[in-house]
Amino acid sequence: MTQLPLPSLLLIIDNQALADNWLALDRMSGTARAGAAVKADCYGLGVDRCVPVLWQAGCRDFFVAHWSEVPGVIAHVPANRVAVLHGPQTPEDAAFARETGVRPVIDSLRQARLWGEAGGGPCDLMIDSGINRLGIAPEELADPAVQALDVHTLLSHLACADEDVSMNARQLAVFRECLPAIAHRQASLANSAGIALGSDYAFDLTRPGLALYGGVPRPELAGRIAQVAFPKAALIQTRTIGAGASVGYNATFTAPADMRIGVVSLGYADGILRSWAGAHFLHGERKLPILGKVSMDMIVIDLAAAPELSDGDWVELPYHLPDAAQQTTLSQYELLTILGNRFG
Ligand SMILES: *Cc1c(COP(=O)(O)O)cnc(C)c1O
């Protein structure tokens, strides 16, 4: 087929920052090893780009949510290094796990029975220590279907690790009490924010996601976690508009004087939602404010600070996640996972 021309929007991934973030989180995990949550296509940044970098950095434990995410990950790492957090809902899911060799995370008595009936094998077990989402209740650990499991990693998940609240210590105590109740090879509690709660929370394996990709859920991680994802886009048109002319849908911006403006090849279809209105793009250090509403495929910016820019020049959207979250009122998780698939 004819070669596709180069795209006019790019998501630059800083591989060194990604590797360094994993190494920093692994160090902060103390005697525990850090794994990696690579669900949702590595939080939107791309399994094909990120998983090989994490493996190269030394990561050996990978978590996805869905069975559909397995093939993409086991293209890069051995299947017995991958666990599926949602666990088996159907006999077909269980058969798929047994054929591929990935580990299901067992999240309920029903799943424990289903896994046993499918023939069983190594699995992970999620205990619900208080988030009330997925996981078996501590009282259910004595059930014969659970006791029959071959548990590789015993897991639980913190609900409020990004806050200083008593629920963290309560969940830690519940998890600790569960450990003697079921045979397992390793234990794992902390997500990114949980790692910053200290070594009590680390056990044998930590499961950072957000912070690998540049998210900073707690102040202890600031300065240790670097930005990984950098969206850039080309100006697909530059023009001058007269005083009184309006810009974009619903004419929400009106030029107070003659202005030089640029049309950036990015929009809400790429995950740059309308809540970015009022923010700015950058060219080097120079700020280029967004004018009017964000469209599906375009954003109009003020070129007053960089009047020499013209069609085909590139601008950057500042995507330091803590700042961008404040700017847009989106969460750092949302800012990563909504990035669209038109980026090159
Ligand atoms: C998503 C997820 C993680 C990673 O959480 P972050 O807050 O992104 O670090 C860890 N464990 C489980 C069970 C998850 O669902």
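What counts and how
- Residues numbered from 1 in each chain as written.
- Predicted model: local features only at pLDDT ≥ 70, side-chain atom pairs only at ≥ 80, totals over all residues.
- Heavy atoms only, no water.
- Domains from an automatic or database assignment.
- Salt bridge = Lys/Arg side-chain N within 4 Å of Asp/Glu carboxyl O.
- Helix = DSSP H or I, 4+ residues; strand = E, 2+ residues; numbered from the N terminus.
- Buried < 20%, exposed > 50% of the residue type's maximum accessible area, 1.4 Å probe, protein only.
- Pairing = 2+ DSSP bridges.
- Near = heavy atom within 4 Å.
- Polar contact = N/O pair within 3.5 Å; in protein donor to acceptor, adjacent residues only side chain to side chain.
- Phe/Tyr/Trp six-rings, centres within 6.5 Å; stacked < 30°, edge-to-face > 60°.
- Axes fitted to C-alpha atoms, helices over the stretch in contact; angles between N-to-C directions.
- Parallel < 35°, antiparallel > 145°, perpendicular 65-115°, else oblique.
- Left-handed = near helix turned anticlockwise from the far one by under 90°.
- Contact = heavy atoms within 4.5 Å.

Peer 1: Help me understand the domain arrangement of the chain, please; the structure alone is not making it clear to me.
Peer 2: Interfaces are often sized by the accessible area lost when the parts come together. Looking at the assigned domains, one finds that the chain contains domain 1 (15-214) and domain 2 (229-318). For domain 1 versus domain 2, the separation of C-alpha centres amounts to 42 Å.

Peer 1: So what exactly am I meant to see when it comes to the pattern of salt bridges here?
Peer 2: Should their charged atoms come close, side chains of opposite charge can pair. Counted under the stated rule, the structure contains nine salt bridges. A salt bridge links Arg342 to Asp270; the nearest nitrogen and oxygen atoms lie 2.8 Å apart. Here the residue Arg342 occupies a position in the segment after α11 (332-337), and Asp270 occupies one in the loop between β14 (259-264) and β15 (280-283), the gap between them amounting to 72 residues. Judged by relative accessible area, which is 38%, Arg342 ranks as partly exposed. Arg342 is paired through a salt bridge with Asp297; the nearest N and O atoms lie 3.0 Å apart.

Peer 1: Looking at this structure, I do not really get the environment of Ala95. What am I missing?
Peer 2: Among the secondary structure elements, Ala95 is positioned in helix α5 (residues 91-100). Residue class for Ala95 comes out partly exposed when judged on its relative accessible area of 32%. Through-space distance from the C-alpha of Ala95 to that of Val84 is 13 Å; in sequence the pair is 11 residues apart.

Peer 1: Which parts of the structure should I look at to understand the pairing of β14?
Peer 2: Residues in a regular strand project their side chains so that they alternate between the two faces of the sheet. By the criterion of burial, β14 is predominantly enclosed, with five of the six residues buried. Bridge analysis of strand β11 (residues 229-241) against β14 gives six bridges, and the strand direction is antiparallel. Of the residues in β14, the one forming a bridge with Arg239 is Ile261. As defined by bridge partners, β14 adjoins strand β17 (residues 299-302) across four bridges and the pair is classed as antiparallel. Each residue of the ladder has a partner; that of Val264, found in β17, is Ile299.

Peer 1: How should the sheet that holds strand β5 (residues 82-84) be read in this particular structure?
Peer 2: Strand pairing in a sheet takes place through backbone hydrogen bonds and is either antiparallel or parallel in direction. Strand order in the open sheet formed by seven strands is β3-β4-β5-β6-β7-β8-β9, and the pairing between neighbours is parallel. What marks the edges here is a single partner per strand, and that holds for β3 (36-37) and β9 (186-188). Bridging between β3 and strand β4 (residues 62-64) involves two bridges; their strand directions are parallel. Note that in β4 the partner of Ala36 across the bridge is Phe62.

Peer 1: Where do I start with the site of the ligand in this structure?
Peer 2: For the ligand, the set of nearby residues contains 14 residues, the closest of which are Lys39, Tyr43, Ser192, Leu210 and Tyr333. Taking Tyr43, its side chain carries an N or O atom lying 2.5 Å from an oxygen atom of the ligand. In this structure, an oxygen atom belonging to the ligand sits 2.5 Å away from a side-chain N or O atom of Tyr333.

Peer 1: Please clarify how the packing of aromatic side chains should be interpreted in this entry.
Peer 2: Centre-to-centre distance and the angle between the planes together describe a pair of aromatic rings. The full count for this structure, using the stated rule, is six aromatic pairs. On the basis of an interplanar angle of 90° and a centroid distance of 6.0 Å, the ring pair of Trp67 and Phe96 is categorised as edge-to-face. Taken together, the positions of Trp67 in the loop between β4 and α4 (70-74) and Phe96 in helix α5 put the pair 29 residues apart, joining distant regions of the chain. On the accessibility criterion, Phe96 (28% relative accessible area) is partly exposed. Geometrically, the ring pair formed by Trp276 and Tyr319 is stacked, given 5.7 Å between the ring centres and 15° between the ring planes. Of this pair, Trp276 sits in the loop between β14 and β15 while Tyr319 sits in the loop between β18 (314-316) and α10 (321-328), and the two are 43 residues apart along the sequence. Aromatic ring contacts, followed pair by pair, group Tyr43, Tyr213 and Tyr333 into a single cluster.

Peer 1: I tried to follow the packing of helix α1 (residues 15-28) against helix α3 (residues 47-57) on my own but got confused; where do I start?
Peer 2: For the pair α1 and α3, the least separation of the axes is 9 Å and the interaxial angle reads 50°. One way to sum up the angle between α1 and α3 is to call them oblique. At the point where α1 passes α3, the crossing takes the right-handed sense. On the side of α1, the interface is formed by Asn15, Leu18, Ala19, Trp22 and Leu23, while α3 contributes Arg49, Cys50, Val53, Leu54 and Ala57.

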